[in-house]
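Structural description and commentary
Residue strings, one per chain:
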Amino acid sequence: MLRDIQSFWPTQTPGLYLILVSFVFYLIGLMVGRWLKRRIHVELGWTSHVFIASASIIVAARLIEVEFPGESAVGMLAAATATFPINALLRRFLWPLCGYPGEQARIPAFLPQVVAIMVFVFATFFGLAAFYHVTITGLLTGSGVIAIIIGLALQDTLGNIFAGFGLQAGRVYRVGDWLIVDGKHVEVVELNWRSTRFRNNDEVSFDIPNSQLAKATIVNLYFPSRRHAARVRLSVDHRVPPNEVKDAMFQAASAAPGVLRDPPVKVFLIDFAESAVQYEIKFWLMDGRVFPDIIDGVRTNVWYELNRRGIRLAFSTQQIELVRGALVTRRPETDLQLLASQPLFSSLDQIQLDRLALGSRRIRFGKGERIISQGDAGNSMFILAMGKAEVQVERDGRVQPVASLAAGDCFGEMSLLTGEPRSATVLAALDCEVLEIEQETIGILLREHPELAESLSETVVARRSATETQLASAPANGDGPGTDATKEGLLRRLRKFFQL
Ligand code: CMP
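The present account deals with the structure reproduced in this document. (Residues numbered from 1 in each chain as written. Predicted model: local features only at pLDDT ≥ 70, side-chain atom pairs only at ≥ 80, totals over all residues. Heavy atoms only, no water.)

All right, on to the overall build of the chain then. Broken down by element type, the chain carries 17 helices and 16 strands. Each of the 500 residues in the chain was classed as buried or not, and the buried ones make up 39%. Within the chain, residue pairs in contact and separated by at least 24 positions form 68% of the contacts whose partners lie at least 6 positions apart. Accessible surface, the chain as shown: approximately 28,200 Å² in total, 59% of it carbon and sulfur. (Helix = DSSP H or I, 4+ residues; strand = E, 2+ residues; numbered from the N terminus. Buried < 20%, exposed > 50% of the residue type's maximum accessible area, 1.4 Å probe, protein only. Contact = heavy atoms within 4.5 Å. Areas by Shrake-Rupley, 256 points an atom, 1.4 Å probe, with all protein chains shown as cover.)

Structure (structure tokens):
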């Protein structure tokens, strides 16, 4: 039986005695806390001090059998704040056993949060029972209203917690996955006991309660692997043969940045609509974050490729088109000027230049598109009429820029003259317009102007040596026809190739 403060300490100073004993316990608690923090690396915050202080007072009071005003409140505080050191110990010893926190965690990421809440709830109920003699059953049966309030409050919370466990156990998604939820493209940022946090492509975050997600249709783009397909639909003029359209779309989509080469792009004819044929391009990608950019790249490339081939995208039948003329802009005057200004063609007379202009065509490339791909067969050369281009060479798996081309520069002459595969990739660094001259046209000119062969060979030799200097290594094609890198060797090959 507890003694009253007055009767326990006849000298009327039991309060002082209680303070002294509590202080001793507090110091012991502090030492234990410091030892846990320094030696065992248990992370204890200021809340643990509140626990040590309140627990010291309660233990001291019980030990010396003293009662004091507010004892229940201090006891309640000790019970509630006990949650913090308990959770710190769980974080230090129990959760690491399950791989948490970390990529390989074998428990749902929010289980420690749920346990922390449960520890708090139990500690609080323990405090109520120990210091206020209130039991859970008493609390629930004593007041129907409280029971109803607690029941209703817990309904949603428990629903979210159980739904969260279900989503985790079923491995529906993980942090970092890209999903389609309600038709929206979103990345999973965090999973907690109540909800899942998402971020969309606009870097906007939002939460959806787990119970709502458990009922939603979720498409996980990153499961079973990050590789996933996307589709783009486009309508094309119904008069163009489908295989021609499919080939153009295939080339364009395959070259778009972010589109995987393997599995290859596929183009499906979807529907015959009014004056249009609908196509669907299916392509594969790895990174959901850049999904809108990839779609944009595919659509843009398709526009340029169709434009180069003179294929028209279909418009609504209500749209009256007042634009006249070919889609590929022909500018005969400027083309002629461009050809005449080329040092390469300085020996040509007006009739030959006219013929050259007629035998060439002006085509457009969008920024980032490949005008020439290294390794492809090439039977035409180009003059850059507008824009800028980058020449890149891939060797031993490394891609290196070797030159920049500006308006007026010619390129693609190497393959055209030697019949070798394209020696480099030429990328449009800006939107470009180029004049393409076919092998046949050049062949006729070479026969009429043998000196043209000489100046072209000089360009080829100079560029080859510039490329080698840039790459600072031995020529790539060990014993291919291109190894005869001298001007004379090249001329021999060129004459043979064009049967001059
Ligand atoms: P071709 O090999 O037909 O295709 C790639 C083209 O890139 C090549 O012809 C040249 O026209 C051009 N090229 C390659 N190396 C260089 C260089 N060092 N400087 C400028 N153009 C180059």
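According to the stated counting rule, one finds 19 salt bridges in the structure shown. Glu280 serves as the salt-bridge partner of Arg231, at 2.7 Å between the closest nitrogen and oxygen. Of this pair, Arg231 sits in strand 6 (residues 228-237) while Glu280 sits in strand 8 (residues 276-285); the two residues are 49 residues apart in sequence, bridging distant segments of the chain. Overlapping salt bridges, with partners in common, bring together Asp247, Glu305, Arg308, Arg309 and Glu369 in one network. (Salt bridge = Lys/Arg side-chain N within 4 Å of Asp/Glu carboxyl O.)

What the three strands build is an open sheet, ordered 6-8-7; its pairing is antiparallel. Two strands bound the open sheet, and with one partner strand each, they are strand 6 and strand 7 (266-273). Sheet twist, expressed as the average angle between the axes of neighbouring strands with direction ignored, equals 25°. By the bridge criterion, 10 bridges tie strand 6 to strand 8 in an arrangement that is antiparallel. Paired with Arg233 across the strands is Glu280, a residue of strand 8. Against the sheet, helix 10 (residues 242-254) engages strand 6, strand 7 and strand 8, with an angle of about 30° to strand 8. (Pairing = 2+ DSSP bridges. Axes fitted to C-alpha atoms, helices over the stretch in contact; angles between N-to-C directions.)

In the region of the ligand, 15 residues are neighbours, and Gly412, Glu413, Arg422, Ser423 and Thr467 sit closest. Between Glu413 and the ligand, the recorded distance is 2.7 Å, taken from a side-chain N or O atom to an oxygen atom. Here an oxygen atom of the ligand sits 2.9 Å away from a polar atom, N or O, in the main chain of Ser415. Protein chains shield 96% of the accessible area of the ligand, which is 460 Å² for the free molecule. Of all the elements in the fold, those that place two or more residues in the shell around the ligand are helix 14 (413-418) and helix 16 (450-471). For the shell around the ligand, the per-class residue count stands at eight nonpolar, four polar and three charged. (Near = heavy atom within 4 Å. Polar contact = N/O pair within 3.5 Å; in protein donor to acceptor, adjacent residues only side chain to side chain. Nonpolar A, V, L, I, M, F, W, Y, C, P; charged D, E, K, R; others polar.)

In this section: the nonpolar core. Within the largest apolar cluster, 28 residues are counted, with the highest numbers of intra-cluster contacts made by Leu339, Phe345, Ile383, Leu417, Ile437, Ile442 and Leu446. Among the secondary structure elements, those contributing two or more residues to this core are helix 12 (332-340), helix 13 (350-358), strand 11 (380-386), helix 14, strand 16 (432-438), helix 15 (439-448), helix 16 and helix 17 (487-497). In terms of residues, this core owes the most to one element, helix 16, which gives four residues. Ignoring sequence-local partners within four residues, the contact set of Ile383 consists of Leu338, Leu339, Gln342, Phe345, Gly408, Asp409, Cys410, Glu433, Val434, Leu435 and Ile437. In terms of nonpolar packing, the next biggest core, distinct from the first, is built from 25 residues, Phe283, Leu285, Ile295 and Leu306 among them. (Core = buried A, V, L, I, M, F, W, Y, C linked by side-chain atoms within 4.5 Å.)

Moving on: the packing of aromatic side chains. One pass over the structure, following the stated rule, counts five aromatic pairs. Measuring from centroid to centroid gives 5.2 Å for Phe110 and Phe165, while their planes differ by 55°, and the two rings are tilted. With Phe110 in the loop between helix 5 (83-94) and helix 6 (111-132) and Phe165 in helix 8 (residues 144-169), the pair connects residues that are 55 residues apart, well separated along the chain. Members of the aromatic cluster, each reached through a chain of ring pairs, are Tyr173, Phe198 and Phe206. (Phe/Tyr/Trp six-rings, centres within 6.5 Å; stacked < 30°, edge-to-face > 60°.)

We now examine unusual backbone geometry. In this chain, Tyr100 is followed by Pro101 through a cis amide linkage whose omega measures 0°. Looking at the secondary structure, you find Pro101 in the loop between helix 5 and helix 6. A cis geometry characterises the amide bond from Asp262 onward to Pro263, with omega recorded as 0°. On the secondary structure map, Pro263 appears in the loop between helix 10 and strand 7. You will see that His41, though not glycine, has its phi angle at about 60°, which is positive. Of note, His41 is situated in the loop between helix 2 (14-38) and helix 3 (46-63). Accessibility expressed as a relative area gives 54% for His41, which makes it exposed. Positive phi, normally seen in glycine, also occurs at Asp396, with a value near 50°. Mapped onto the secondary structure, Asp396 falls in the loop between strand 12 (388-395) and strand 13 (398-406). Residue Asp396 is classed as exposed on the basis of its relative accessible area of 78%.

Think of two packed helices as two axes; the pair is described by the angle between the axes and how far apart they sit. Orientation of helix 2 relative to helix 3, taken along the N-to-C sense of each, is 135°, at an axis distance of 8 Å. In terms of their interaxial angle, helix 2 and helix 3 are classed as oblique. Seen from above, helix 2 lies across helix 3 with right-handed handedness. Taking contact as the criterion, the partners of Leu18, Val21, Ser22, Phe25, Tyr26, Gly29 and Leu30 in helix 2 are, on helix 3, His49, Ile52, Ala53, Ser56, Ile57, Val59, Ala60, Ala61 and Leu63. Class assignment of the residues belonging to the contact of helix 2 with helix 3 gives a composition of 12 nonpolar, four polar and no charged. (Parallel < 35°, antiparallel > 145°, perpendicular 65-115°, else oblique. Left-handed = near helix turned anticlockwise from the far one by under 90°.)

Nothing here speaks to function; it is all geometry.
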